[in-house]
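Overview (structure and organization)
Listed below, chain by chain, are the residues.
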Amino acid sequence: MESVIFEILSKGIIISTNSSKFQKEAMWLMDEENFVSLNSILNKLGFYLVGENGYFYLSKDLKTDEMEKYFNSHKLLILAIAQLKKIFVHLDRGHKIKKSEFIKRFETKKDEKIIKALFNTDDLMEITEKFFNLLEKNYVLESISKDEYRVLNSINYYLDIVEAISEGENNE
């Protein structure tokens, strides 16, 4: 199981305990003995395992240029989370959200700069599909039905980044 989990985490995937896709892996990681054992192995490779708020991810100490590279590779996802939070103000892990509700709220809550950076279209249906696909592909949302999605615990990881960026902008 350790090698399976390492393979998942090394791709940058955050394993949420409320994900049906990674249920076995999350349960395994929730066992303290397993967590400590895997973390010990990872430490020898220069990584460490982080488990908090119902999710697990692989981390390492980053140099400044690596931090910038990380942020740039996740920029679109972070922007999508920022837009999602504007549309669903009380967004939190475990919540269920609907595409239909997103569509209803979108016009009054959209951030033109974010939408322009994310999508090269004004077509609401295309934006909605691309938006939800991006969030699902990055294991932030999990489809329950054609219209409904579960917000995975990993949302808190990205919401912390969005909040830190917002605080940084407000302090300038």
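All of these numbers come straight from a predicted model, not from anything done at the bench.

**Things to note about the overall build of the chain**
- The helix and strand inventory of the chain stands at eight helices and six strands.
- Listed N to C, the secondary structure of the chain is α-β-α-α-β-β-α-β-α-α-α-β-β-α in terms of helices and strands.
- What you see for the chain is a C-alpha radius of gyration of 17 Å, in line with the 16 Å of a compact globule of 172 residues.
- The buried share of the chain, reckoned over its 172 residues, is 40%.
- When the accessible area of the chain is evaluated, it comes to approximately 10400 Å², of which 49% is carbon and sulfur surface.

**Things to note about the domain arrangement of the chain**
- Taken as a whole, the chain is organised into domain 1 (2–59) and domain 2 (65–170).
- The distance between the C-alpha centroids of domain 1 and domain 2 comes to 24 Å.
- The interface is formed by 13 residues belonging to domain 1 together with 13 residues belonging to domain 2.
- The contact between domain 1 and domain 2 buries some 1100 Å² in all, and 51% of this surface belongs to carbon and sulfur atoms.
- Area buried by domain 1 at its contact with domain 2 is led by I14, N18 and Y55, which between them contribute 46% of it.
- In terms of residue class, the side of domain 1 that touches domain 2 is made up of five nonpolar, seven polar and one charged.

**Notes on the packing of helix α1 (residues 2–10) against helix α2 (residues 23–30)**
- Close contact between α1 and α2 brings their axes to 11 Å; oriented N to C, the two are set at 110°. Taken together, the axis directions place α1 and α2 in an arrangement best described as roughly perpendicular. Across from E2, V4, I5 and I8 in α1, the residues of α2 making contact are E25, W28 and L29.
- Counted by class, the contact of α1 with α2 contains five nonpolar, no polar and two charged residues.

**Points about unusual backbone geometry**
- Of note in the backbone geometry, N53 takes a positive phi value of approximately 50° without being a glycine.
- Assignment of secondary structure puts N53 in the loop between β2 (48–52) and β3 (55–59).
- The backbone of Y139 sits at a positive phi, close to 60°, despite the residue not being glycine.
- As for its placement among the helices and strands, Y139 is situated in the loop between α7 (124–137) and β5 (141–143).

**Notes on the packing of aromatic side chains**
- Counted under the stated rule, the structure contains twelve aromatic pairs.
- Judged by centre distance (5.3 Å) and plane angle (85°), the ring pair of F102 and F132 falls under edge-to-face. Of this pair, F102 sits in helix α5 (residues 99–109) while F132 sits in helix α7; the two residues are 30 residues apart in sequence, bridging distant segments of the chain.
- With a relative accessible area of 0%, F102 lands in the buried category.
- Classification of F132 as buried rests on a relative accessible area of 0%.
- These aromatic residues form a ring-pair network of at least three members: F102, F106, F119, F131, F132 and Y149.

**Digging into the pairing of β2**
- Relative to β3, β2 runs antiparallel, the two being bridged by five bridges. Bridge pairing in β3 places E52 opposite Y55.
- Hairpin remark: β2 followed by β3, antiparallel, with two residues in the connecting loop; positive phi at N53, about 50°.

Basis of the calculations
- Along each chain, numbering runs from 1 in the same order as the chain's sequence is written.
- Local features in this predicted model are restricted to residues whose pLDDT is 70 or higher, and side-chain atom pairs enter the listing and the counts only when it is 80 or higher, whereas totals over whole chains, interfaces and linings include all residues.
- Side-chain numbers come from the whole structure's heavy atoms, not from hydrogens or water.
- Here a helix means four or more residues in a row that DSSP labels H or I, a strand means two or more in a row labelled E, and each is numbered from the N terminus.
- For this measure, only C-alpha atoms enter the radius of gyration; the expected value for a globule follows 2.2 Å times N^0.38, where N is the number of residues.
- To sort residues, take the accessible area from a 1.4 Å probe on protein chains only and compare it with the maximum for the residue type: under 20% means buried, over 50% means exposed, and anything in between is partly exposed.
- To be clear on the numbers: accessible area is Shrake-Rupley with a 1.4 Å probe, and residue cover counts the displayed protein chains and nothing else.
- The start and end points of each domain follow an automatic or database-based domain assignment.
- In this description, contact between two residues means that some pair of their heavy atoms is separated by no more than 4.5 Å.
- Accessible area, probed at 1.4 Å, shrinks when two parts are joined; the buried area is that loss added up over both.
- Residue type decides the class: Asp, Glu, Lys and Arg count as charged, Ala, Val, Leu, Ile, Met, Phe, Trp, Tyr, Cys and Pro as nonpolar, and the leftover types, Gly among them, as polar.
- Axis definition: a line fitted to C-alpha atoms, limited for helices to the stretch in contact. Angles are taken between N-to-C directions and run from 0 to 180 degrees.
- An angle counts as roughly parallel when it lies under 35 degrees, as roughly antiparallel when it exceeds 145, as roughly perpendicular when it falls between 65 and 115, and as oblique in every other case.
- For this analysis, a ring pair means two rings from Phe, Tyr or Trp (six-membered ring only for Trp) whose centres lie within 6.5 Å, classed as stacked if their planes differ by under 30 degrees, edge-to-face if by over 60, and tilted for the remaining angles.
- For two strands to count as paired, DSSP must find a minimum of two bridges between them.

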